[in-house]
Protein chains: 2
Amino acid sequence: MMGESKNWILMATARAPTNIAVIKYWGKRDEALILPINDSISVTLDPDHLSATTTVAVSPSFEKDRMWLNGKEVSLSGGRYQNCLRELRNRAGEYTDENKGIHIEKYDWNTLHVHIASYNNFPTAAGLASSAAGFACLVFSLAKLMNVKEDLSQLSTIARQGSGSACRSLYGGFVKWTMGNEMSGSDSIAVQLANETHWDDLVIIVAVVSSRQKETSSTSGMRESVETSSLIQHRAKVVVPSRILQMEQAIRNKDFSSFARLTCADSNQFHAVCLDTSPPILYMNDTSHRIISIVERWNRHEGTPTVAYTFDAGPNAVIVAPNQKVAMDLLQRLLFYFPPARDNELSSYVLGDKKILHEFGLESLSSIEGLQPPPEAKDKGLAQRYGGDVSYFICTRPGKGPAILVGEDQALISIQTGLPK
Amino acid sequence: MMGESKNWILMATARAPTNIAVIKYWGKRDEALILPINDSISVTLDPDHLSATTTVAVSPSFEKDRMWLNGKEVSLSGGRYQNCLRELRNRAGEYTDENKGIHIEKYDWNTLHVHIASYNNFPTAAGLASSAAGFACLVFSLAKLMNVKEDLSQLSTIARQGSGSACRSLYGGFVKWTMGNEMSGSDSIAVQLANETHWDDLVIIVAVVSSRQKETSSTSGMRESVETSSLIQHRAKVVVPSRILQMEQAIRNKDFSSFARLTCADSNQFHAVCLDTSPPILYMNDTSHRIISIVERWNRHEGTPTVAYTFDAGPNAVIVAPNQKVAMDLLQRLLFYFPPARDNELSSYVLGDKKILHEFGLESLSSIEGLQPPPEAKDKGLAQRYGGDVSYFICTRPGKGPAILVGEDQALISIQTGLPK
């Protein structure tokens, strides 16, 4: 069939971003194919700060498909992994490397086993759409390895079957997941609305909120919403279609005021539908509520939307500022209201793009302690601080889509052993 | 015109209950007349534990209309008080007391001034529908004083103009506020579905939740919801009409399971609409969420609704148990999860009908400390306790409607001075 020996290993490594929905996906019309009940729109986050890196390897010496996530072996038996692997093997192309004496026919991919090693550059458990980055990266790297000749939108239908929102992580910038109409899901694909250079003033700050409560998984949560909420269908059929059009226009025109209004309203409506579910799904906590109140009070003081907040299936806030200047005003507010716990250092409290912090002149914990309340909080008893309620912040911006990483030093799997380095 | 002298004082004293909506009123179609966008259904709470007592007095010697609430003079200039006073004066009847030499013609009421003293037997600021009890009591006592010959449903249209939910406090037991169709509001009235003896097993526990956050008033909150929520009209026009029919049937059949399911779902949907408002209205806090989770976990363990929770425009929970036995199971859970703060005594932590507490054998704080976690929390890390998060509990039950209190010792105004005692 293939090479002369069974000792060769073929590898590919890719990095894929996570994304944050600004018009939310919540509810499936097909559980197995992961077909949604409405379109959604997301912003891809800079992979330098939030991304998955995945190396996939294939070798005739591998005895079964195996996967390691953040260094720990995990099961590939789940239907979602199996669906992605099957779809990619079906589309795999032939591959020849005459130097190494490797020749793989299309049908060989069905019997060749893969090793997958994946790593997130942010905490997996923090509720930051790690599955979106992970499945996008898995599909992107396997497509490279298996010489799949499909465009990104076709790959997005495969990533979608791993995790719905993963399809949106195949592009940088601003991405729409079109729900589609086909039973097969062939038209339920991601399309890029604009790349990451289109609106490059935006700055994004993620507040990772301390939480000890176990959360409802989004898979079971959205199933229960579809089954029990009496508002979700009205949202999906009437509200979202109009918001999608408005959001596309806001992004096209870089109209931050509309972008912020729609983003906040849609986050709140998604959580409203969760609350309208039986039993109710409660993702936001008091800290999430305080972040909303801080932004809304700031908006009222300014008379216009200042920043846009959005919350996924957990208490963490993702806040979008229109530019670096407002981002600094935002960070000042966030650090005033949510100073780090005492045993925390600033360098482990504000992560990601530290340029904001340096420009702002905040270099130490003591400078946070001395922060003054923002103007809108003065004389109103609204200057209470909540030390320790946020675990850390990540500063980032809209970023690019998945990319292949070249060079053996970038790989997570050893070319000698075929196992994680 | 009237008596021989100007020194007589005529008084009436009444007590009126508060009520808790189980199908919620949220949103007006007419702000001035207080006409709602949907029907609502409530349970009247026992006035022994939660009620307003109001004495109204009239005398030719009074120089202006005046009111005292909980001993402190308050302004009557607000449109809502003025509307109630005007409507009652328009319907006043003639009154004669030959012994005292008093004769009041219908038209005299327009020139006679009233003194009003009102007192709540529960904390006004606790967010326990004090305005519902207060306006019901004001209208009921003034109707008695002014010899208004209208039935309760007619009086309910007047109370409604003071505070929407006040119209439901004119009856005991289970009450529906029919939204009506007339522009004048003449058919937007309360009707009794069943009196308090119909389903007298029910026990109600109110958890007054500690909160330092200022809340959005329900008046401005529902205005903003009507103006900005894209879900509220679907709720009002499609969801609520069907729930009203189901709730009427559940009450008629004393079907606790349906009652609980509808009550919880409608409370959650009301808060969902609040969250869908721009800016979002956040009435529930982490403690409210924990109470919901405790009940839902208990339900899952039992496989059927155990108790019904509902939250009005604030973080307090009102929880309905089907009978005394379940109420004791509920109180055990509540006291386990929410023990009193250290400086609290049991007698000031569980108020209202203490029979439950005595039957349960909980006589001291130390017996609360020793409570075991409920079965559904065992071995699941769900047994964390939140001391001090609840201010106090009030045990009560469905109760009767307003009543006139006879005897001068019951009056809040001195027959000598015409001022609060």
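Residues numbered from 1 in each chain as written. Chains lettered and ligands numbered in written order. Predicted model: local features only at pLDDT ≥ 70, side-chain atom pairs only at ≥ 80, totals over all residues. Heavy atoms only, no water.

**Considering the environment of Arg86 of chain B**
All names here are of chain B. Inspection of the secondary structure assignment puts Arg86 in helix α1 (residues 79–91). Looking at Arg86, the relative accessible area reads 39%, which means it is partly exposed. Residues Arg86 and Gly27, 59 residues apart in the sequence, show an inter-C-alpha distance of 25 Å. (Helix = DSSP H or I, 4+ residues; strand = E, 2+ residues; numbered from the N terminus. Buried < 20%, exposed > 50% of the residue type's maximum accessible area, 1.4 Å probe, protein only.)

**Considerations on the domain arrangement of chain A**
Residues and elements named next belong to chain A. What the domain assignment reports for chain A is domain 1 (10–196 + 403–410) and domain 2 (203–396). Put simply, the middle of domain 1 and the middle of domain 2, counted by C-alpha atoms, are 28 Å apart. On the side of domain 2, 40 residues touch domain 1, which itself brings 29 residues to the contact. Interface area for domain 1 against domain 2, summed over the two sides, is near 2,900 Å², with a carbon-plus-sulfur share of 72%. Taken as a group, Ile23, Lys24 and Trp26 account for 29% of the area that domain 1 buries against domain 2, more than any other trio of residues on that side. Inspection of the domain 1/domain 2 interface yields three salt bridges. In this structure, Glu248 engages Lys176 in a salt bridge whose closest nitrogen and oxygen atoms are separated by 3.3 Å. Linking domain 1 to domain 2 there are 12 residue pairs in polar contact (both at pLDDT 80 or more). (Domains from an automatic or database assignment. Contact = heavy atoms within 4.5 Å. Buried area = accessible area lost by both parts, 1.4 Å probe. Salt bridge = Lys/Arg side-chain N within 4 Å of Asp/Glu carboxyl O. Polar contact = N/O pair within 3.5 Å; in protein donor to acceptor, adjacent residues only side chain to side chain.)

**Remarks on the relation of the copies chain B and chain A**
For the pair chain B and chain A, the best superposition has an RMSD of 0.0 Å and corresponds to a rotation of 180 degrees with a translation of 0.0 Å parallel to the axis. These values place the two chain copies in the arrangement generated by a two-fold rotation axis. Taking C-alpha positions as reference, the residue of chain B nearest the rotation axis is Ala272 of chain B, located at 2.0 Å. When the interface residues of chain B are mapped onto chain A, 100% of them again lie at the interface, so the same face is used by both copies. (Least-squares fit on C-alpha atoms with pLDDT ≥ 70 in both.)

**Some thoughts on the state of the cysteines**
Here the structure, examined in full by the defined rule, presents zero disulfides over all chains. Between Cys137 of chain A, a cysteine without a disulfide, and Cys84 of chain A, which holds the nearest cysteine sulfur, the sulfur-to-sulfur distance is 12 Å. Left without a disulfide partner, Cys395 of chain B is nearest to the cysteine sulfur of Cys264 of chain B, which lies 18 Å away. For Cys395 of chain B, a relative accessible area of 0% gives the class buried. (Disulfide = S-S within 2.5 Å.)

**Details of the environment of Leu33 of chain B**
Among the secondary structure elements, Leu33 of chain B is positioned in the loop between β3 (28–30) and β4 (35–36). For the pair formed by Leu33 of chain B and Glu296 of chain B, sequence separation is 263 residues and the distance between their alpha carbons is 38 Å.

**Side note on the packing of helix α7 (residues 286–302) of chain B against helix α8 (residues 324–337) of chain B**
Residues and elements named next belong to chain B. The interhelical angle for the contact between α7 and α8, taken along N-to-C directions, is 130 degrees, at an axis separation of 11 Å. As far as their axial angle goes, α8 and α7 are oblique. Pair α7 / α8 crosses with right-handed handedness. Seen from α7, the contacting residues are Ile294, Arg297 and Trp298; seen from α8, they are Val326, Asp329, Leu330, Arg333 and Tyr337. For the contact of α7 with α8, a count of residues per class yields five nonpolar, no polar and three charged. (Axes fitted to C-alpha atoms, helices over the stretch in contact; angles between N-to-C directions. Parallel < 35°, antiparallel > 145°, perpendicular 65-115°, else oblique. Left-handed = near helix turned anticlockwise from the far one by under 90°. Nonpolar A, V, L, I, M, F, W, Y, C, P; charged D, E, K, R; others polar.)

**A look at the side chain of Thr287 of chain A**
Looking at the secondary structure, you find Thr287 of chain A in helix α7 (residues 286–302). Once you skip the residues sitting within four places of it in the chain, Thr287 of chain A turns out to touch Val209, Phe338, Asp389 and Val390 of chain A.

**A look at the interface of chain B and chain A**
Interfaces are often sized by the amount of accessible area the parts lose when they come together. Contacts between the two partners involve 28 residues from chain B, matched on the other side by 28 residues from chain A. Approximately 2,400 Å² of surface area, both sides summed, lies buried where chain B meets chain A, with 59% of it carried by carbon and sulfur atoms. Applying the counting rule to chain B against chain A returns zero salt bridges. There are nine residue pairs in polar contact (both at pLDDT 80 or more) connecting chain B and chain A. Contributions of two or more residues to the side of chain B that touches chain A are made by α5 (232–252), α6 (256–275) and α7 of chain B. When residues in the side of chain B that touches chain A are grouped by element, the largest group, seven residues, is from α7 of chain B.

**Comments concerning the sheet that holds strand β17 (residues 350–352) of chain A**
Residues and elements named next belong to chain A. The strand order across the open sheet formed by five strands is β15-β16-β14-β18-β17, and the pairing between neighbours is mixed. In this open sheet, the two strands that pair with only one neighbour each are β15 (308–311) and β17. Averaged over all neighbouring strand pairs, the angle between strand axes comes to 25 degrees, with direction disregarded. Sheet topology note: the β15/strand β16 (residues 317–321) ladder contains four bridges and is antiparallel. (Pairing = 2+ DSSP bridges.)

**A word on the packing of aromatic side chains**
All names here are of chain A. Scanning all chains against the criterion turns up 26 aromatic pairs over all chains. For the ring pair Tyr81 and Phe135, a centre distance of 5.0 Å and an interplane angle of 35 degrees mean the geometry is tilted. Linking Tyr81 in helix α1 (residues 79–91) with Phe135 in helix α2 (residues 130–145), this pair joins segments that are 54 residues apart in sequence. Here the guanidinium or amino end of Arg333 rests over the ring plane of Trp298, the centre of that ring lying 4.0 Å away. (Phe/Tyr/Trp six-rings, centres within 6.5 Å; stacked < 30°, edge-to-face > 60°. Lys NZ or Arg CZ within 6 Å of the ring centre and 35° of its normal.)

**Some words on empty space enclosed by the protein**
Evaluation of the coordinates by the stated rule reveals one cavity of 30 Å³ or more. Taken as a whole, the largest cavity holds about 170 Å³ of empty space. What lines the largest cavity is a set of 15 residues, among which Leu275, Met284 and His289 of chain A together with Leu275 and His289 of chain B lie closest to the centre. When contributions to the lining of the largest cavity are tallied by element, the ones reaching two or more residues are α6 (256–275) of chain A together with α6 of chain B. The leading source of residues in the lining of the largest cavity is α6 of chain A, at three residues. Residue classes in the lining of the largest cavity are distributed as 11 nonpolar, four polar and no charged. (1 Å grid on protein atoms, 1.4 Å probe; cavity = no way out; pocket = protein on both sides within 12 Å on 5 of 7 lines; lining within 4 Å. Points joined across faces, edges and corners; volume = space filled by probe spheres on them.)

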